[in-house]
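Fold and contact review
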Amino acid sequence: MLDFHPRKGKGGGAWMTGFREQSSENGTRIIPVVSLVMNFTRETPERPSLLSHSEMNTFLHEFGHALHGMLTDCSYESLCWHQNGKARFCGTAVADNGELGVGERVARFTGPRIT
């Protein structure tokens with residue numbers, strides 16, 4: 001699911017949300033469901049909605065999180081470490097440097113900003 005533009009009542013910033021985590025039930029893989037939420041510049045009658053370098057970098061960063069969330073395959077949930085009732089080290093629920101690493105590596109494809 002994609003939500004690219006700002007609207008009334010929507011929070012600022014950008015994030016990836018997981019609606020259903022990957023898991024396995026009775027030998028059947030449960031596929032994760034994720035969404036990307038952004039606040040990109042809207043089009044105007046004079047100008048299409050083209051992503052700036054910063055917006056493209058943000059999109060690829062969050063897309064990296066989405067890939068991580070969709071492609072994870074946790075076969076042994078019993079090996080997950082739980083903290084405060086939340087699974088850690090399963091799917092995207094990993095240590096902060098592991099979670100951000102995928103998004104940051106994907107965002108590098110935008111290269112340095114050219115001014």
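Only a predicted model underlies this, so the values are computations on that prediction, with no experimental measurement involved.

A closer look at the overall build of the protein
When helices and strands are tallied, the protein shows two helices and seven strands. Sorting the 115 residues of the protein into buried and exposed places 31% on the buried side. By element, 56% of the accessible surface of the protein is carried by carbon and sulfur atoms, the whole surface being about 8,100 Å².

As for helix 1 (residues 53-71)
In an α-helix, one turn spans 3.6 residues; hence positions three or four apart end up facing the same way. In a regular helix each residue adds 1.5 Å, so 19 residues correspond to 27 Å; helix 1 covers 26 Å between its end C-alpha atoms and thus fits that length. Of the positions making up helix 1, those classed as buried are Glu55, Phe59, Leu60, His61, Glu62, Gly64, His65, Ala66, His68 and Gly69.

Looking at the confidence of the model for the protein
Mean pLDDT for the protein: 76, with 67% of residues reaching 70 or above. At the level of individual helices and strands, the protein shows its lowest average pLDDT in strand 6 (residues 81-83), which scores 49, and its highest in strand 1 (residues 2-3), which scores 92.

What about the nonpolar core?
Burial of nonpolar side chains together is a common tendency in soluble globular proteins. By size, the foremost hydrophobic cluster in this structure holds eight residues: Met16, Val34, Leu36, Met38, Phe40, Phe59, Leu60 and Ala66. If you list the elements that add at least two residues to this core, you get strand 5 (33-37) and helix 1. Per-element tally for this core: the top contributor is helix 1, with three residues.

Some thoughts on the environment of Ser49
Its place among the elements puts Ser49 in the loop between strand 5 and helix 1. According to the relative accessible area criterion, Ser49 is partly exposed, its value standing at 28%. For Ser49 and His5, which are 44 residues apart along the polypeptide, the C-alpha to C-alpha distance reads 9.7 Å. Those residues in contact with Ser49 that sit more than four places away from it in its chain are His5, Thr41, Arg42 and Glu43.

Quick notes on the pattern of salt bridges
Under the defined criterion, the tally for this structure stands at two salt bridges. The salt bridge involving Arg7 is made with Asp3; its shortest N-O contact spans 2.8 Å. The partly exposed category is assigned to Asp3, whose relative accessible area is 22%. If you follow the salt bridges from partner to partner, you end up with Asp3, Arg7 and Lys10 in one network.

Side note on the packing of aromatic side chains
Aromatic rings in a pair are described by how distant their centres are and how their planes are angled relative to each other. On inspection of all chains with the given rule, the structure shows three aromatic pairs. Between Phe4 and Phe59, the ring centres sit 6.0 Å apart and the planes meet at 75°, which makes this aromatic pair edge-to-face. In this pair, Phe4 sits in the loop between strand 1 and strand 2 (15-20) while Phe59 sits in helix 1, placing the two residues 55 residues apart along the sequence. Chaining the aromatic ring pairs together yields one cluster made of Phe4, Phe40, Phe59 and Phe63.

Rules used in this analysis
Residues numbered from 1 in each chain as written. Predicted model: local features only at pLDDT ≥ 70, side-chain atom pairs only at ≥ 80, totals over all residues. Heavy atoms only, no water. Helix = DSSP H or I, 4+ residues; strand = E, 2+ residues; numbered from the N terminus. Buried < 20%, exposed > 50% of the residue type's maximum accessible area, 1.4 Å probe, protein only. Areas by Shrake-Rupley, 256 points an atom, 1.4 Å probe, with all protein chains shown as cover. Expected span 1.5 Å × (residues − 1). pLDDT = per-residue confidence, 0-100. Core = buried A, V, L, I, M, F, W, Y, C linked by side-chain atoms within 4.5 Å. Contact = heavy atoms within 4.5 Å. Salt bridge = Lys/Arg side-chain N within 4 Å of Asp/Glu carboxyl O. Phe/Tyr/Trp six-rings, centres within 6.5 Å; stacked < 30°, edge-to-face > 60°.

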